[in-house]
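# Reading the structure
Chain by chain, the residues run as shown.
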Amino acid sequence: MPQMGVSVSEGTVVEWRKDVGDQVDRDEVVCSISTDKIDTDVESPAAGTLAEILVDVGATVDVGTVLAVIDANGAEREPEPEPEPVAVGGARHYSPVVRRIAAEHAIDLETVAGTGRGGRVRKQDVLALVNGDGAPAEAPMHIESPYQADEPAPARARAARWVQRDEPEAAPPGRLSRMRRTIGEHMLHSLQTAATCTTVIEVDMSRVEAERARLGITALPLVARATIDALREFPALNATLDGEDYTRHQAVHLGIAVALGEEGLIVPVIRDAQLLSAEGLAERIRDVARRARATALTPDEVRGGTFTITNPGQYGSILATPVINQPQVAILDTEATVKRPVVVTDAAGNDAIAIRPMAYFCLSWDHRALDGAEAARFLAAIRERLER
């Protein structure tokens, strides 16, 4: 069972695409799995014969559990002819992942042209239709974030069903969901593991607001670009500490926290973010946030981060102490941009009171890996890039 995000501890096998004795190619889908956050297909790591299935359909197992055994002996075989697409009126079969996405977006799968083998409708085919309506309009930073004020479609559907059941307004007593328990366990583990400190700096967002308007993007990609540059200057923060193994990373694999409403949250990772411009980061952030809410991320997209940004400022909060995303050594929280009176100094050294859009940037960091002076210098480097 692959790891699919820090707050996912188990998954359920929903379908086996291959039977014992079947030949499989490397990267060929062998089964579909479902978690609270991601529905995805599992691909074979090698070519060979499916020798044994260890987890039955419907079984829920912990991350890391072996699902099946592939016998690599005799992997070489003649290629099979491509089957013909299913004829109109013939029976079409869809994976649970495809059926779930289609149901959430009211898509008639019989009208979807499949691009898979034999005309099979793949998850990508359905998502192409889902994304055809275009990306949502951008908003200023104090209301912009991968966090989403409106509930995503699945949550709205659940709320509608709740109202229709004619039950009391108060929710019935019950246990925390599996996702909430997993998030809690991960956060508690982080607090018990890291020597967590939080440092806060105030940033004048005037130039960010102007640049955001010029480029037609939100403020978050500009903040992300400045953060990436600062991480390259202060590599001690672009690091992981796993037990006593401390590793500084050359590449910046940037995690962006995305809220899923009542479902919890997930942190997609933008790999090699140092190679992207602010505009490129804007596109990637929109893409991963959208697919996170559509449960369409792949396992590789939610692991391997080296630094995380969380941006809950849309709710009006102005200060926070975020919990470090283990095994990373720091996390940056960007809060609401609020117009405040501040002291400004002109070129002649004269002070005056002016109204400026200001925001607090809160950095939680692990005192085992670095000290307060370096954390403060890192925040100052971000501020300098954003203000100048």
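Starting from 1, residues in each chain are numbered consecutively following that chain's sequence as written. Given that the model is predicted, a residue must reach a pLDDT of at least 70 before its local features are reported, and side-chain atom pairs must reach 80 or more before they are shown or counted; all residues, however, enter totals for whole chains, interfaces and linings. Excluded from the side-chain calculations are hydrogens and water; all other atoms, namely the structure's heavy atoms, are used.

### Observations concerning the nonpolar core
- Among buried residues, the Ala, Val, Leu, Ile, Met, Phe, Trp, Tyr and Cys ones that are joined through side-chain atoms within 4.5 Å form a nonpolar core. Relative accessibility thresholds used throughout: buried, under 20% of the residue-type maximum; exposed, over 50%; partly exposed, between the two (1.4 Å probe, protein chains only). One finds L254, F307, F361, L363 and F378 to be the most contacted residues of the largest nonpolar core, which totals 43 residues.
- Strands here are runs of E lasting at least two residues and helices are runs of H or I lasting at least four, both read from the DSSP assignment and numbered beginning at the N terminus. Broken down by element, this core gets its largest block of residues, nine residues, from helix α6 (residues 219-233).
- In this structure, V30, V55, V61 and V302 belong to the second largest nonpolar core, which totals 20 residues.

### Comments concerning unusual backbone geometry
- With an omega dihedral of 5 degrees, the bond running from Q326 to P327 counts as a cis peptide bond.
- When you line up the elements, P327 lands in the loop between β15 (307-310) and β16 (330-334).
- A positive phi is found at D27, a non-glycine position, where the angle reads about 70 degrees.
- Counting through the fold element by element, D27 comes out in the loop between β2 (23-24) and β3 (29-34).
- Despite not being glycine, D272 shows a phi value in the positive range, around 50 degrees.
- The topology assignment puts D272 in the loop between β14 (269-270) and α7 (278-293).

### Concerning the side chain of S34
- Along the chain, S34 turns up in strand β3.
- Its relative accessible area of 17% is what places S34 among the buried residues.
- Contact criterion: two residues are considered in contact whenever any of their non-hydrogen atoms come within 4.5 Å of each other. Setting aside its immediate chain neighbours within four residues, S34 contacts G11, T12, V14, D39 and R100.

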